[in-house]
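Structure assessment
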Amino acid sequence: MNGGEVKGVESPAEPLEWRFSQVFGERSAGEEVQEVDIISAIEFDKTGDHLATGDRGGRVVLFERTDKRDHGGYRRDLEMMDTPVRTHPEFRYKTEFQSHEPEFDYLKSLEIEEKINKIRWCQTANNALFLLSTNDKTIKFWKIQEKKVKKICDMNIDPSKATGNCNPACSIVKPYVTNGGCADRSYGYLSKDFALPAGSFAALHFPTVHSNETSLSARCRRIYAHAHDYHINSISNNSDGETFISADDLRINLWNLEISNQSFNIVDVKPTNMEDLTEVITSSEFHPTHCNMLAYSSSKGSIRLIDLRQSALCDSHAKLFEGMEAPNSKSFFTEIIASISDIKFGKDGRYILSRDYMNLKKPSGEELEERIPLYFRLSHHIYVYKKLWDINMDSGPVATFQVHEYLRPKLCDLYENDSIFDKFECCLSGDGTRVATGSYSNLFRVFGCTAGSTEATTLEASKNPMRRQAAAPSRPRSMSTFARVSRRGPESPAVDANGNAFDLSTKLLHLAWHPTENSLACAAANSLYMYFA
C-alpha cells in the first residue's frame, strides 16, 4: 500500500521488529499515579518534528525532535560507507502550558472537567506553532513561539558603585549645581553654573537593548465556546487550513479559525423527541485532501461520508458504511458493542480505519464473513475489531483485524466494571501499510494491511516491548481481493505468552504513528513510550 493505497500485486512486507526508543514520565515501582497526570491525547504534527500530549489536568506538553542533523559536511564520509546511516526519531521536552481549567456551568449545575479530549496541529507560520485543544465544552486555539528576552544594558551608572537593590533603569545621574543642590527646573533649561560632580560620567548616553536569550511562550489566540450542549468527542482540521469541525454526541459544527463567536451546524441528529433517539455521534474526521468531504461514526457501528457541497445542513449522507446484522441477533448489549470509538482516514483519503467492539460469525460454505454484534449470548465469540474501509466500496470492510479474543469469558466483568465503554483509538502508518491500536494490560497491536500480509504483532508499553509477544496465527486468512473480508490476529486466550493474566485496569487507549517513519508514541497512564522499527 503506497500512501494508503492497497496494491494486490505487491508481495506482503516482512513484519517489523519493534524496539524501545524513549520514555517520558516513567514512574518507579510502587509509585502512585495522580489522576491529573494521566495522558488523554497524543498527536504528531504533519512533519513529525513535534509531538503534543494532553492530560486530565488540562495541560498540554510539547516535544520536539532532536535527531535531525545536517550531514552536508560529512558527505564524502557518508559516500564511502557501505551501509546507510539509520536513525530513529528522538524527542526532547520542549515546553508545557495550562490549556484548560476546571469550570462550572451554573445554568445546568454541571462541573466541566479540564481534561484534554483532543489535540490537533494547525499550519505553522512565521516559525510559530499552532494547535487546537479541547475539553468537554471549550476549544482553544494556541500559538507557541520563541520570543527573545530583552535586556537593557549600558546604563548611565557606575557599575562599581551600584547597589544590589538599585534599579539600573532608574539610576540616571541627575545634574547638580556647584553648591551641591539638584537643578530642578523645566526640561531643556541649562544653567551656566552646571557641572558634573567628581567621579561622575563625562556625558550621558542612551541605554541599549540586547536580545541574547530566547524563551518559549504559549498564548491563547482564540476561544471557541458555547456551541455544544453535549461533550465534545472530536475535532478535525480541514485541508484548506482555514476551517475545522467539532463534534459532540448529537451535532457537528463547522468553524473558521479566525472567527470564534460563530459556527455553522452542518450535522444534527437530535430528534424532536429525545425518547426517539437511537444513535449518537462518536467520532468525526475531515478528508485529508478534499475540503468538502468528511466522515463521522455512530454508536450503531456505521460510518457516514458526507459532502458539504450537497446542502448547508447535511441531513443526508453521500455514502454509508455499515456491517451486516444477522436476523434476531439484537440484544441489550448490541449497540454498546457496535459503537465505533475512533475513525481515521488514510493518507490519500481512500481508506477509513475504524475501531469498535464486534462479534464474528462465518456461515458455512461462504467466504464473506458476517460481522454480527452480539454480547448477550456467552456461547458466541466476542472480539474487539479494527476495520479497514474502502470509500469506493460500501458493501463491507476490505479487512477486519481481531484485537483481543481473550475477553470472551469475561463479558459480565466488562459490563460490571464499565470496561465495555472504553474508547480505544487507532492509527495508520504514513505509507498506509500498517495499522495499530491499543488493548488492555498496556498492550498494543500492529497489523499489516497489504494483500497477503499475516503481520499481527503484540507489544507491551514498557522498555521491553516484545516481552509479551504472541505467537503468529497458525492459519492466517489472506486478503487476495478487496471484495473478500480478511480476519487476522487471534492470540492466547486468557493469559499472555508468559502466563501473565490480563489487567483491565491498565489500558492503552491513546497512540499515534509518526507521519513519515515507522515510529509509535503510546500513552500508558502518565508515561509516554516511543518505539521504532
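Our subject is the structure that appears above.
Notes on the structure in this doc start here.

A few words now on the overall build of the protein chain. Within the protein chain, the regular secondary structure consists of three helices and 33 strands. By the burial criterion, 47% of the 533 residues in the protein chain qualify as buried. Within the protein chain, contacts between residues at least 6 apart in sequence are counted, and of these 62% link residues at least 24 apart. A total of about 27500 Å² of accessible surface is found on the protein chain, and carbon and sulfur atoms cover 49% of it.

Of note in the backbone geometry, Asp 418 takes a positive phi value of approximately 65° without being a glycine. Along the chain, Asp 418 turns up in the loop between helix H3 (411-416) and strand S26 (426-428). The phi torsion at Asn 442 lies on the positive side, around 60°, for a residue other than glycine. Examined against the element boundaries, Asn 442 turns out to sit in the loop between strand S27 (434-438) and strand S28 (443-448).

It is worth spelling out the sheet that holds strand S4 (residues 59-65) at this point. For sheets, the rule is that strands pair by backbone hydrogen bonds, running either parallel or antiparallel. Taken in spatial order, the four strands line up as S2-S3-S4-S5 in an open sheet, and their pairing is antiparallel. Either end of the sheet is taken by a strand with one partner, and the two such strands are strand S2 (39-44) and strand S5 (91-98). Ignoring which end each strand starts from, the neighbouring axes of this sheet average 20° apart. With seven bridges joining them, S4 and S5 adopt antiparallel strand pairing. Within S5, the residue paired with Phe 63 across the bridge is Tyr 93.

With that out of the way, let us pick up the pairing of strand S16 (residues 281-286). Regular strands place their side chains on alternate faces of the sheet. With six of six residues buried, S16 lies mostly within the body of the structure. Relative to strand S17 (residues 293-298), S16 runs antiparallel, the two being bridged by five bridges. Within the sheet, the bridge partner assigned to Glu 285 lies in S17 and is Ala 295. Between the end of S16 and the start of S17, which pair antiparallel, lie six residues.

The buried count for strand S14 (residues 251-256) comes to five of six residues, which makes it a mostly enclosed element. Here strand S13 (residues 243-247) pairs with S14 via five bridges, running antiparallel. Note that in S14 the partner of Phe 244 across the bridge is Trp 255. The hairpin formed by S13 and S14 contains three residues between the paired strands. Bridge count for S14 against strand S15 (residues 259-268) is six bridges, and the pairing is antiparallel. Within S15, the position partnered with Asn 253 by the bridge is Asn 265. Taking the residues that link successive antiparallel strands as the turn, the S14-S15 hairpin has two residues.

The sheet built from four strands is open, its strands ordered S16-S17-S18-S19 with antiparallel pairing. Only two strands of the sheet have a single partner each, and these edge strands are S16 and strand S19 (319-321). Sheet twist, expressed as the average angle between the axes of neighbouring strands with direction ignored, equals 20°. Across three bridges, strand S18 (residues 303-307) lies against S19 in antiparallel orientation. Bridging from a neighbouring strand, Ile 303 pairs with Phe 321 of S19.

Reading guide: rules and limits
- Residues numbered from 1 in each chain as written.
- Predicted model: local features only at pLDDT ≥ 70, side-chain atom pairs only at ≥ 80, totals over all residues.
- Heavy atoms only, no water.
- Helix = DSSP H or I, 4+ residues; strand = E, 2+ residues; numbered from the N terminus.
- Buried < 20%, exposed > 50% of the residue type's maximum accessible area, 1.4 Å probe, protein only.
- Contact = heavy atoms within 4.5 Å.
- Areas by Shrake-Rupley, 256 points an atom, 1.4 Å probe, with all protein chains shown as cover.
- Pairing = 2+ DSSP bridges.
- Axes fitted to C-alpha atoms, helices over the stretch in contact; angles between N-to-C directions.

Just distances and angles here, no functional claims.
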